[in-house]
Amino acid sequence: MTKVDIKIHVNGDWYELAVNPGERLIDVLRDRLDLSGTKEGCGEGECGACTVNLDGQAVLSCLILAAQADGCTILTIEGLQKGLELHPLQKAFVGESAVQCGFCTPGMIMTAKALLNNEAEPDENSIRKHLSNNLCRCTGYDRPVKAVLKAAQDIKEDSNA
Amino acid sequence: MSVYFQVEEYHRPQNLAQAFGILSKFGNGTKVIAGGTDILPLRPGVKKIDPINHLVDISRLGLAYLKKESDHISIGAATTINTLGASPLFLTRSHRALSEAADAHSTATIRNRATVGGNLCTASPCGDLALPLLVLDAVLVAAGPEGKRYVPLESFFKGANYTALNKEELLLEIRLNLCSQKTGSSFLKLRRHQTAIDMAVVNVATALTFKNNRCEAAGIALGSVAPIPYRAKKAESVLAGTKLSKEVIHKAAATAAAEATPIDDVRATSAYRRKMVAVMVRRSLENSMRRCNQ
């Protein structure tokens, strides 16, 4: 087995790593970089728990080889907050009680983050459609949807302030 | 190391010649990877499949593009399904089926990585993009060490997960004719949960072209009801040359259902699938008719 040398930009820092050819992005994030906020649910692309942002887009870290992420910029749930200040999405998920067991939450927030990158003011339909990428068996989705709406509004108000 | 996915070597060729070289050298046990969304769930050792020894990554060979040429549209094989779905090229009446299929495919997160070429080369019986491309008479550009060749999509699928590509060949591009103003197309997908990720119970694409108040050409493609996505030729012949009355459309839908050879599986029974073929073909033909300005 030949190791693959890669360089990835994760949450603001560059990492140079020699990875196994079959190693997935989620394995690198969790096991090598200790970024265990990204969860592994099904491991085959059904549940969305492992969603991270790759070059600004929501992707499933269980379906990407680490070798394929070479040169890419990755944002995980740990990279959202600035210092001790939570990201508006994180605040809104707390404020709207959109978290129950919490296992799907990091993935859900990263899906929402990518959505807000593309649509600053998504309507409820768009949010529901995007959050359907993430399986949640606790909340029934109502509160997460409200949280994303709230976060979008907060971000808009902050930028106007 | 991951217990989920295992492979001996990862190759990222810098150009096509290098890619063909690797494919020729290693032969069996080599798989081409682009988005990876069909490859990574394969777990040799966990699922009953042959080990993958070599992966050839073609995602950085400049194969991700959409181009409108004077007489055709070219889709690079490594174009992601979301790129296709977001393109205004396929919002026209004639090519709408493609945009609808892109939107119905899996979830937005998967579509950010999954590619058009990958969806075809996986050759799943229920592959969504195959159907609109079949009714729009897509031609595939394949290439290998000996050069390029053109393969009509209709003769590309050879069986479930099995295509006309040789081991050393790559799919480079999908070509579509620019259709006449009088063509309308539509795609429909029935699944157990309409909003969520799931493969089709039945998926259908149709395309109709009208001339002088008559149906000049009709295409009906069916998915999930045979080992490969295919054109329902008998049903198409029911429509050609007619004025597409309600009765004719019903007859074509019934013919398509009779032609289908569905199986029972976890998603639906064979009998249900056959009934739904008739319903979905009828609805899709009605959509296509509306779109061809009739």
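Residues numbered from 1 in each chain as written. Chains lettered and ligands numbered in written order. Predicted model: local features only at pLDDT ≥ 70, side-chain atom pairs only at ≥ 80, totals over all residues.

This part takes up the overall build of chain B. Summing up its helical and strand segments, chain B has nine helices and 14 strands in all. Taking 19 Å as the expected radius of gyration for a compact globule of 294 residues, we find that chain B reaches 19 Å, a close match to that expectation. Of all 294 residues assigned to chain B, the portion counted as buried reaches 51%. Nonlocal contacts in chain B, meaning residues at least 24 apart in sequence, comprise 67% of its contacts between residues at least 6 apart. (Helix = DSSP H or I, 4+ residues; strand = E, 2+ residues; numbered from the N terminus. Rg over C-alpha atoms; globule rule 2.2 N^0.38 Å. Buried ≥ 20, exposed ≤ 12 C-beta atoms within 10 Å, placed from the backbone. Contact = placed C-beta atoms within 7 Å.)

Of regular secondary structure, chain A possesses five helices and five strands. In chain A, the order of α-helices and β-strands from amino to carboxyl end is β-β-α-β-β-β-α-α-α-α. Against the compact-globule benchmark of 15 Å for 161 residues, chain A has a radius of gyration of 16 Å, which places it among compact chains. Projected onto its principal axes, the C-alpha positions of chain A cover 50 × 35 × 25 Å.

Time to look at the sheet that holds strand β5 (residues 72–76) of chain B. All names here are of chain B. Taking strand neighbours across the sheet as the criterion, the five strands line up as β4-β5-β10-β6-β7 in an open arrangement whose pairing is antiparallel. Each edge of the sheet is formed by a strand with only one pairing partner; in this case those strands are β4 (66–68) and β7 (147–152). Pairwise comparison of adjacent strand axes, ignoring direction, gives a mean angle of 20° for this sheet. As paired strands, β4 and β5 are joined by three bridges and run antiparallel to one another. Across the sheet, residue Lys-68 finds its bridge partner in β5, namely Ile-73. (Pairing = 2+ DSSP bridges. Axes fitted to C-alpha atoms, helices over the stretch in contact; angles between N-to-C directions.)

The next subject is the interface of chain A and chain B. Counting residues at the interface gives 29 residues for chain A and 25 residues for chain B. With four residues, the single largest contributor to the side of chain A that touches chain B is strand β4 (residues 57–60) of chain A. Its residues assigned to classes, the side of chain A that touches chain B comprises 11 nonpolar, 13 polar and five charged. (Nonpolar A, V, L, I, M, F, W, Y, C, P; charged D, E, K, R; others polar.)

The next subject is the pairing of β7(B). Residues and elements named next belong to chain B. When you tally the buried positions in β7, you get zero out of six residues, a small fraction of the element. The sheet contact formed by strand β6 (residues 139–144) and β7 spans six bridges and is antiparallel. Opposite Val-141, over in β7, you have Tyr-150 as the bridge partner. Counting the residues between successive antiparallel strands, the hairpin from β6 to β7 contains two residues.

With that settled, the discussion passes to the nonpolar core. In terms of nonpolar packing, the biggest core is built from 141 residues, with B:Leu222, B:Ala256, B:Val277 and B:Val281 touching the most fellow members. Setting aside residues no more than four positions away along its own chain, B:Val281 makes contact with B:Val204, B:Thr206, B:Ile220, B:Ala235, B:Ala252, B:Ala253 and B:Ala256. (Core = buried A, V, L, I, M, F, W, Y, C linked by C-beta atoms within 7 Å.)

Turning our eyes to something else, we now look at the domain arrangement of chain A. Residues and elements named next belong to chain A. On domain assignment, one finds that chain A holds domain 1 (4–79) and domain 2 (88–160). Its C-alpha centre places domain 1 at a distance of 21 Å from the equivalent point of domain 2. Counting from both sides, the interface comprises 14 residues of domain 1 and, opposite them, 13 residues of domain 2. Secondary-structure elements contributing two or more residues to the side of domain 1 that touches domain 2 are β3 (51–54) and β4. Examining the composition of the side of domain 1 that touches domain 2, we find that three residues originate from one element, β3, more than from any other. (Domains from an automatic or database assignment.)

Residues and elements named next belong to chain A. Listing the buried residues of helix α1 (residues 25–32) in full gives Leu-25, Ile-26, Asp-27, Val-28 and Leu-29. Of the surrounding secondary structure, the elements contacted by the buried residues of α1 are β2 (13–19). At the C-terminal side of α1, Asp-34 shows a positive phi close to 55°.

Another aspect to go through is the sheet that holds β4(A). All names here are of chain A. On the basis of which strands lie adjacent, the open sheet formed by five strands has the order β2-β1-β5-β3-β4 and mixed pairing. The open sheet is flanked by β2 and β4, the only strands paired with a single partner. Each strand axis lies, on average, 40° off the axis of its neighbour in the sheet, ignoring direction. Bridge count between β3 and β4: four bridges; the pairing is antiparallel. Pairing of Val-52 across the sheet is with Val-59, part of β4. Helix-sheet contacts for helix α3 (residues 105–118) involve β3 and β4, and the interaxial angle to β3 is about 30°.

All right, on to the domain arrangement of chain B then. Residue and element names in this part refer to chain B. On domain assignment, one finds that chain B holds domain 1 (9–57), domain 2 (66–177) and domain 3 (183–291). Computed over C-alpha atoms only, the centres of domain 1 and domain 2 are separated by 20 Å. In terms of residue class, the side of domain 1 that touches domain 2 is made up of six nonpolar, five polar and one charged.

Moving on: the packing of helix α2 (residues 88–95) of chain A against helix α5 (residues 142–160) of chain A. All names here are of chain A. Two elements in contact, α2 and α5, have axes whose closest approach is 8 Å; the angle formed by their N-to-C orientations is 135°. Put simply, α2 runs oblique to α5. Once α2 is placed against α5, the crossing between them reads as right-handed. The segment α2 lies against α5, with Pro-88, Leu-89, Ala-92, Phe-93 and Gly-95 engaging Ala-147, Lys-150, Ala-151, Asp-154 and Ile-155. The class makeup of the residues in the contact of α2 with α5 is seven nonpolar, one polar and two charged. (Parallel < 35°, antiparallel > 145°, perpendicular 65-115°, else oblique. Left-handed = near helix turned anticlockwise from the far one by under 90°.)

All names here are of chain A. Taken N-terminus to C-terminus, the directions of α3 and α5 make an angle of 40°; their axes are 11 Å apart at the nearest point. Overall, the two elements α3 and α5 adopt an arrangement that is oblique. Here α3 runs over α5; the crossing is right-handed. Here Met-108, Ala-112 and Leu-116 of α3 come into contact with α5, specifically with Pro-144, Val-148, Ala-151, Ala-152 and Ile-155. When grouped by side-chain class, the residues that make up the contact of α3 with α5 number eight nonpolar, no polar and no charged.

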